[in-house]
Amino acid sequence: MEASRIALPIGTALDRFIKNNQDQFAYASGELSQLLRDIALASKVVNREVNKAGLIDIMGPMGSQNTAGDEQQKLDVLANIRFTRALTKGGEACALISEESESFADLNNDGKYVIAIDPLDGSSNIDVNVSIGTIFSIYRRKSEIGTPIQENDILQRGSEQIVAGYVLYGSSTMMVFTTGHGVQGFTYEPSLGEYFLSHPNMQMPEEGKIYSINEGSYHSFPAPVKGYIEYCKEKNYTGRYIGSLVADFHRNLLKGGIYIYPPTAKDPNGKLRLMYECNALAFIAEQAGGKASDGKQRILDIKPTTLHQRVPFFVGSRKMVEKAESL
Ligand code: AHM
Ligand code: MG
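This one's a predicted model, so the numbers in the text were calculated from it and none came from an experiment.

> Explain the sheet that holds strand β10 (residues 194-199) here, please?
Strands belonging to one sheet form pairs held by backbone hydrogen bonds; the direction of such a pair is parallel or antiparallel. Taken in spatial order, the 8 strands line up as β4-β3-β5-β6-β7-β8-β9-β10 in an open sheet, and their pairing is mixed. Each having just a single partner strand, β4 (105-106) and β10 make up the two edges of the open sheet. Together, β3 (93-98), β5 (113-121), β6 (132-140) and β7 (161-169) form the strand contacts of helix α3 (residues 74-90), whose direction differs from that of β5 by roughly 155°. Contacting β3, β5, β6, β7, β8 (173-178) and β9 (183-189), helix α7 (residues 274-287) crosses the sheet at an angle of about 100° to β7.

> Explain the coordination of the magnesium ion (ligand 2) to me, please; I cannot follow it from the model alone.
Only Glu99 (OE), Asp118 (OD), Asp121 (OD) and Glu277 (OE) from the protein reach the magnesium ion (ligand 2) as donors, at distances of 1.9 to 2.3 Å. All donors to the magnesium ion (ligand 2) come from one chain, and their sequence spacing reads E-x18-D-x2-D-x155-E. With glutamate 99 in the loop between β3 and β4 and aspartate 121 in strand β5, this residue pair connects regions lying 22 residues apart in the sequence. On the basis of relative accessible area, glutamate 99 is assigned to the buried category, the value being 5%. For aspartate 121, a relative accessible area of 9% puts it in the buried group.

> Just checking my understanding: could you explain the sheet that holds strand β15 (residues 313-316) for this structure?
Reading across from one edge, β12-β11-β13-β15-β14 is the order of the 5 strands in this open sheet, with mixed pairing throughout. Of all the strands in the sheet, just β12 (238-239) and β14 (291-293) have a single pairing partner and so form its edges. Across 4 bridges, the pairing between strand β13 (residues 257-261) and β15 is antiparallel. When the sheet's bridge partners are listed, tyrosine 259 is paired in β15 with valine 315. Packing against the sheet, helix α8 (residues 318-326) makes contact with β11 (210-212), β13, β14 and β15, and its axis sits at approximately 25° to β14.

> Just to check I follow, could you spell out the pairing of β6 for this structure?
One face of the sheet, then the other: side chains in a regular strand alternate in exactly this way. Burial of β6 is extensive: 8 of the 9 residues sit out of reach of the surface. Of the strand pairs in this sheet, β6 and β7 are connected by 8 bridges, and their pairing is antiparallel. Bridge assignment links phenylalanine 136 to a residue of β7, and that residue is glycine 165.

> Please clarify how helix α6 (residues 245-255) should be interpreted in this entry.
In an α-helix, one turn spans 3.6 residues, which is why side chains three or four residues apart end up on the same side. Of all 11 residues in α6, 9 are buried, a share of seventy percent or more. Listing the buried residues of α6 in full gives Leu245, Val246, Ala247, Asp248, Phe249, His250, Arg251, Asn252 and Leu253. Following α6 by one or two positions, glycine 256 has its phi on the positive side, about 95°.

> Looking at this structure, how should I read the nonpolar core?
Soluble globular proteins tend to bury their nonpolar side chains together. In this structure, Leu120, Phe136, Ile138 and Met175 are the most contacted members of the largest nonpolar core, which totals 38 residues. Examining the composition of this core, we find that 8 residues originate from one element, helix α2 (residues 30-51), more than from any other. Leaving out residues up to four positions away in the same chain, leucine 120 has contacts with Val46, Val50, Leu75, Asp76, Ala79, Ile126, Ile132, Gly133, Thr134 and Tyr169.

> Honestly, a nonpolar patch on the surface in this entry has me stumped. Any pointers?
Among the surface-exposed residues, Val128, Val130 and Ile242 lie close enough to one another that they form a single nonpolar patch of about 220 Å² accessible area. Positionally, isoleucine 242 belongs in the loop between β12 and α6.

> How do you make sense of the domain arrangement of the protein when you look at a structure like this?
Annotation of the protein at the domain level lists domain 1 (9-199) and domain 2 (210-326). The gap between the C-alpha centroids of domain 1 and domain 2 is 22 Å. Taken together, the contact between domain 1 and domain 2 spans 47 residues of the former and 32 residues of the latter. When domain 1 packs against domain 2, close to 2,900 Å² is buried across both sides, 64% of that on carbon and sulfur atoms. Joining domain 1 to domain 2, the criterion identifies 1 salt bridge. Remark: the boundary between domain 1 and domain 2 carries 16 residue pairs in polar contact (both at pLDDT 80 or more). The set of elements that each furnish at least two residues to the side of domain 1 that touches domain 2 consists of β3, β5, β6, β7 and β8. Of the residues belonging to the side of domain 1 that touches domain 2, the class tally is 21 nonpolar, 20 polar and 6 charged.

Conventions and cut-offs
Residues numbered from 1 in each chain as written. Chains lettered and ligands numbered in written order. Predicted model: local features only at pLDDT ≥ 70, side-chain atom pairs only at ≥ 80, totals over all residues. Heavy atoms only, no water. Pairing = 2+ DSSP bridges. Helix = DSSP H or I, 4+ residues; strand = E, 2+ residues; numbered from the N terminus. Contact = heavy atoms within 4.5 Å. Axes fitted to C-alpha atoms, helices over the stretch in contact; angles between N-to-C directions. Donors = N, O, S within 2.8 Å, 3.2 Å for Na, K, Ca; no water. Buried < 20%, exposed > 50% of the residue type's maximum accessible area, 1.4 Å probe, protein only. Core = buried A, V, L, I, M, F, W, Y, C linked by side-chain atoms within 4.5 Å. Patch = residues over 30% accessible without salt bridge, like charges linked within 9 Å, V, L, I, M, F, W, Y side chains within 5 Å. Areas by Shrake-Rupley, 256 points an atom, 1.4 Å probe, with all protein chains shown as cover. Salt bridge = Lys/Arg side-chain N within 4 Å of Asp/Glu carboxyl O. Domains from an automatic or database assignment. Buried area = accessible area lost by both parts, 1.4 Å probe. Polar contact = N/O pair within 3.5 Å; in protein donor to acceptor, adjacent residues only side chain to side chain. Nonpolar A, V, L, I, M, F, W, Y, C, P; charged D, E, K, R; others polar.

So this is what it looks like as structure tokens:
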């Protein structure tokens, strides 16, 4: 790992970290730092709302459906509003792609950045007090600043991300992100209202013993995926599946493991969305020494053709993903 990855000591506040590491951002610019601060601020608001979800009447289905046909929960909608508002006010973003919106939101033509976000992933877990997360990717726009957004600004490959991260609303709330110089994890201190560096330069163990997959759909998995599950069982690996992508990914990042959402009869391309679920986690995995694939090719190399495109997802410890791919 190159020396430039070393930032500031554990306990450094996120704001100070961003300020001191601005040169790590591709096209070093204050706007990108501001964008990250805007996302952090919105996540604090969402964190507050997630934490009181059981107390006030903001739980339960809204009765509407999002683009994928899933039932939207009130908190999904609220989180989408919080992030959209934060990113709109800042003015740095020209477009926002969200799981909760059919088409992208056109923000500020003078903005330099395109954001893809899943404001609240794992929403089926909200009602049962299980960890949920926010996933985000930041791209630099390709078209000239000041002009309307074009398709090639929006449908960029994951390899073109300049920042990617997630927020995990878990037993503690964490924000984990990469600017392409390793992966940094910050833990939220609610009484101070600030994120502090707790996990500098995160590395995913190259081999692990945890496999995370919804085995309930076993009968409709492709034969190689079934084969990989059998392999995990022969090896006596541990099965762990929360059903919240961010939480499953985060555990495997720390402990070593693989997360798989394969093609199924119900979802022939898998369930997860390339642009605002898989790409960010793939970038983080690679930056931490792990790997992400659709079973055949690197996730970050896939050229999206639509906003809400789904893709089979194999992500985690490098050797585990390679083994799964080899089958
Ligand atoms: P969502 O975006 O509607 O919340 O769906 C994504 C979630 C992931 O967090 C999780 O890994 C997966 O769906 C679980 O799906 P399943 O219940 O089919 O295993
Ligand atoms: Mg989601």
